[in-house]
Amino acid sequence: MTGRAATLRTPAELIARGLASQDSLPDLEQVAARYAVAVTPDVAALMDASDPNDPIARQYVPSADELVTHSSENADPIGDHAHSPVSGIVHRYPDRVLFKPVHVCAVYCRFCFRREMVGPGKETALSDDVYSKALDYIRTHPEIWEVILTGGDPLMLSARRLKEIMTDLAAIDHVKIIRIHTRVPVADPARVTDETVDALKVMGATTWVALHANHPRELTEDARTACARMIDAGIPMVSQSVLLRGVNDNAATLEALMRSFVECRIKPYYLHHGDLAPGTAHLRTTLEEGQKLMLSLRGRVSGLCQPDYVLDIPGGHGKAPIGPQYLSQAGEDGHDRRYRVVDYCGDVHLYPPAE
């Protein structure tokens with residue numbers, strides 16, 4: 001019997017698979033010495049080795065461009081550390097916290113805003129003592145209504161450990177929502193077993209799962225089956241994607257991605273502008289490009305397919321919606337109190353003020 005293919009974890013393995021060139025080895029080894037590399041068999045199978053601009057490879061295969069750091073970039077671009085009252089917890093908004101019980105992922109995205117914090121050589125999971133203190137923090141802050149499990153990827157945990165964490169959180173009276181942020185259904189769909197789904201369902205709290213995918217090709221039949229396993233069990237799903245140059249920065253790809261989510265019964269939730277993580281400038285678009293794409297999307301797809309385009313303000317100041325503006329005052333001199341409203345075709349209409 002042939003064993004399951006292994007995850008590719010080194011530049012040499014990527015080169016042997018034809019996913020990187022031999023002459024890139026010295027640069028890629030420098031990248032891999034700083035940032036984690038992992039490409040699962042499921043993801044590797046999606047890549048077109050003959051296409052130097054393959055949008056799947058661009059997300060996961062390291063590039064020499066990652067060695068270039070800009071002055072605006074930051075190892076903690078959205079201020080996790082500034083809002084971490086205890087290890088494992090980020091409390092940026094009043095009613096919810098991030099809880100990071102694990103710091104490993106099935107795959108490592110080249111644009112990850114936590115790329116300095118996750119992967120081999122970093123702390124892989126919270127110690128028992130740190131875990132207890134994180135739970136105590138949540139227990140003693142009754143304003144916390146939602147706990148978002150992130151990391152790392154929570155679905156890298158065993159079903160047994162995941163069940164323990166979910167049960168501990170659901171036992172806290174004021175925690176009503178537990179949200180899981182994951183790439184696993186795309187990166188390693190076989191991990192989403194019946195036991196995993198059972199672990200996610202707990203008495204006392206409602207579970208939501210947010211799937212991270214950036215290109216419609218990532219939603220394979222296996223990925224769709226993994227998502228359906230959760231949804232059929234009564235677990236609602238939303239999506240989050242990152243706007244990435246050369247991956248999804250065109251209207252047709254975004255349209256196909258958002259429609260694919262909805263077809264899978266996954267509600268598009270966030271389209272993130274790329275964060276200022278070190279070595280990721282080659283993957284970031286401009287804000288104006290993102291706004292233009294969102295304007296185009298408004299006229300192309302159903303309202304079910306519309307995500308919020310958001311920017312995580314550097315320094316930990318939270319997310320801000322940055323989509324195009326459709327409403328403005330008609331008269332700059334203040335005499336015309338009507339509103340100018342722009343429709344999805346770009347035409348302008350006047351709307352009367354309240355009487």
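Source: prediction; values computed, not measured.

Analysis parameters
- Residues numbered from 1 in each chain as written.
- Predicted model: local features only at pLDDT ≥ 70, side-chain atom pairs only at ≥ 80, totals over all residues.
- Heavy atoms only, no water.
- Salt bridge = Lys/Arg side-chain N within 4 Å of Asp/Glu carboxyl O.
- Helix = DSSP H or I, 4+ residues; strand = E, 2+ residues; numbered from the N terminus.
- Buried < 20%, exposed > 50% of the residue type's maximum accessible area, 1.4 Å probe, protein only.
- Pairing = 2+ DSSP bridges.
- Axes fitted to C-alpha atoms, helices over the stretch in contact; angles between N-to-C directions.

This next bit is on the pattern of salt bridges. The full count for this structure, using the stated rule, is 24 salt bridges. Here Arg-284 makes a salt bridge to Glu-73, at a shortest N to O gap of 3.0 Å. Taken together, the positions of Arg-284 in the loop between strand S7 (266–272) and helix H11 (287–300) and Glu-73 in the loop between helix H4 (55–60) and strand S1 (89–93) put the pair 211 residues apart, joining distant regions of the chain. For the pair Arg-284 and Glu-73, one class covers both residues: buried. A salt bridge links Glu-164 to Arg-161, with the shortest nitrogen-to-oxygen separation between them at 3.0 Å. Residue Glu-164 and its partner Arg-161 are both found in helix H6 (residues 159–170); the two are separated by three residues, about one turn of the helix. Exposure remark for Glu-164: the relative accessible area of 31% places this residue in the partly exposed category. The class of Arg-161 is partly exposed, set by a relative accessible area of 22%. The structure contains a network of salt bridges with shared partners spanning Asp-80, Arg-92, Lys-100 and Arg-114.

The next subject is unusual backbone geometry. That bond from Gly-151 to Gly-152 is cis: its omega, 15°, falls within 30 degrees of zero. By the element assignment, Gly-152 lies in the loop between strand S3 (146–149) and H6. For Arg-265, which is not a glycine, the phi torsion comes out positive at approximately 65°.

We now examine the sheet that holds strand S12 (residues 348–351). Here three strands make up an open sheet; going across it, the order is S10-S11-S12 and the pairing antiparallel. Only two strands of the sheet have a single neighbouring strand rather than two, namely strand S10 (327–329) and S12. Strand-to-strand twist across the sheet, computed as the mean angle between neighbouring axes with direction ignored, equals 30°. The pairing of S10 with strand S11 (residues 339–342) spans three bridges and is classified as antiparallel. Paired with Ser-328 across the two strands is Arg-340, which belongs to S11.

Relative to the elements of secondary structure, Gln-291 occurs in helix H11. By relative accessible area, Gln-291 is classed as partly exposed at 28%. Along the backbone, Gln-291 and Glu-143 are 148 residues apart, and their C-alpha atoms lie at a distance of 34 Å.

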